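# Descriptive structure summary
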Amino acid sequence: MSDWLVGRPLPTAGLRLLTFPHAGGGASAFARWQSIAGAGAEVLRVQYPGRENLLDEEPLPCLDRLADRITDAVRAIRDGRPLALFGHSMGALVAAEVAHRLQNDGCGADLLVASGSLAPQVRAVQGSDPRGLSDQALLQELYDLGGTHVGVLADEELRELVLPVARADLTAVFTYRYRHRTRLSCPITAWAGRDDADLDASDIERWREITTGEFRVNLAPGGHFFLWEAGRDILTDLTRSIEHAKV
């Protein structure tokens, strides 16, 4: 299995779930999800380059190139089991692009769960180009986003590891442009925190425009990173959605 996919294969599990982390995050963000999911689901955590077990690889500042590499890794392990993709924030955009590529291969995902993200076709370029930000300005942006532990940002050695990765990820999001194409056929569930000031309900609803399948929105208590507390609810809902689709 590719180093881009982290987790323990469970051949007897009835469902395979791929998790896609937020900008600046790594596969470890979902380290607890396998224990929450239990033996019924195989949780494979997507790892972007430049961090954790891929520390020696250069970060990729291009979302389409990330999606291409991840799709290659998924193709190599695709089997007949239902496949769900869960992505948070930047990860939702990467997961959607992987879903399109898999569908073009004729082995599409069975469910896309988009968390904490505007629909890809309505994402307007906002803020400053991360490629031109000073380290201090980039550090402030990470503080504002809230996805990186304050202790990490306060440690000089850890900052030297985190900042290049964060700059590449934020550049990937900043330069990303959605390409209109044949809509996905899999269901999409959009999750968001009720107190996420960066997400407008009408824009979350527009995820329905990229699928011909069933579409639902779930709101959870909390802000942009509500999923740290809502993991069990997300996994329960995801499993039910797959079972519903199989009926």
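An account of the accompanying structure is given in this report. (Residues numbered from 1 in each chain as written. Predicted model: local features only at pLDDT ≥ 70, side-chain atom pairs only at ≥ 80, totals over all residues. Heavy atoms only, no water.)

Turning our eyes to something else, we now look at the overall build of the protein chain. When helices and strands are tallied, the protein chain shows eight helices and seven strands. Looking at the protein chain as a whole, 51% of its 247 residues qualify as buried. Partitioning the contacts of the protein chain with sequence separation of at least 6, the portion at a separation of at least 24 is 81%. By element, 48% of the accessible surface of the protein chain is carried by carbon and sulfur atoms, the whole surface being about 11,400 Å². (Helix = DSSP H or I, 4+ residues; strand = E, 2+ residues; numbered from the N terminus. Buried < 20%, exposed > 50% of the residue type's maximum accessible area, 1.4 Å probe, protein only. Contact = heavy atoms within 4.5 Å. Areas by Shrake-Rupley, 256 points an atom, 1.4 Å probe, with all protein chains shown as cover.)

With that settled, consider the nonpolar core. Soluble globular proteins tend to bury their nonpolar side chains together. Formed by 53 residues in total, the largest nonpolar core has its most connected members in Leu18, Phe20, Ile70, Leu85, Leu112 and Trp207. It is helix α3 (residues 90-105) that provides the largest number of residues to this core, a total of nine residues. For Leu85, the residues in contact, after removing those within four places along its chain, are Leu18, Phe20, Ala95, Val98, Ala99, Ala109, Leu111, Leu112 and Val113. (Core = buried A, V, L, I, M, F, W, Y, C linked by side-chain atoms within 4.5 Å.)

What follows covers the packing of helix α2 (residues 63-75) against α3. As a packed pair, α2 and α3 sit with axes 9 Å apart at the nearest point and diverge in direction by 55°. Judged by the angle between their axes, α2 and α3 are oblique. Note on packing geometry: the crossing formed by α2 with α3 is right-handed. Where α2 abuts α3, its residues Leu63, Asp64, Leu66, Ala67, Asp68, Ile70, Thr71, Val74 and Arg75 lie against Met90, Leu93, Val94, Glu97, Val98, Arg101, Leu102 and Asp105. Partitioning the contact of α2 with α3 into residue classes produces ten nonpolar, one polar and six charged. (Axes fitted to C-alpha atoms, helices over the stretch in contact; angles between N-to-C directions. Parallel < 35°, antiparallel > 145°, perpendicular 65-115°, else oblique. Left-handed = near helix turned anticlockwise from the far one by under 90°. Nonpolar A, V, L, I, M, F, W, Y, C, P; charged D, E, K, R; others polar.)

As a further point, take the sheet that holds strand β5 (residues 111-115). With mixed pairing, seven strands are arranged side by side in an open sheet as β1-β3-β2-β4-β5-β6-β7. This sheet does not close on itself; its edge strands, each paired only once, are β1 (5-6) and β7 (215-220). As defined by bridge partners, strand β2 (residues 15-20) adjoins strand β4 (residues 83-88) across five bridges and the pair is classed as parallel. Among the inter-strand pairings, Leu17 is bridged to a residue of β4, identified as Ala84. The strands that α3 touches are β2, β4 and β5; relative to β4, the one it contacts most, it runs at about 150°. (Pairing = 2+ DSSP bridges.)

On to unusual backbone geometry. Apart from glycine, the bulk of residues carry a negative phi angle, and the bulk of peptide bonds sit in the trans form. Notably, Glu52 is not glycine yet its phi reads approximately 50°, a positive angle. Along the polypeptide, Glu52 turns up in the loop between β3 (41-46) and α2. Phi is positive for Ser89, which is not a glycine, with a value near 60°. Note on placement: Ser89 falls in the loop between β4 and α3.

On to the pairing of β5. In the case of a regular strand, side chains alternate between the two sheet surfaces. Along β5, five of the five residues are buried, which leaves the element largely enclosed by surrounding structure. Here β5 shows no split at all, with Leu111, Val113 and Ser115 on one side and Leu112 and Ala114 on the other all buried. The pairing of β4 with β5 spans five bridges and is classified as parallel. From the neighbouring strand, Gly87 faces β5, where its bridge partner is Ala114. For the crossover from β4 across α3 to β5, the handedness is right-handed. Note that β5 and strand β6 (residues 188-193) share four bridges and pair parallel. The partner of Val113 across the bridge, within β6, is Thr189. (Right-handed = clockwise from strand over helix to strand, strands pointing away.)

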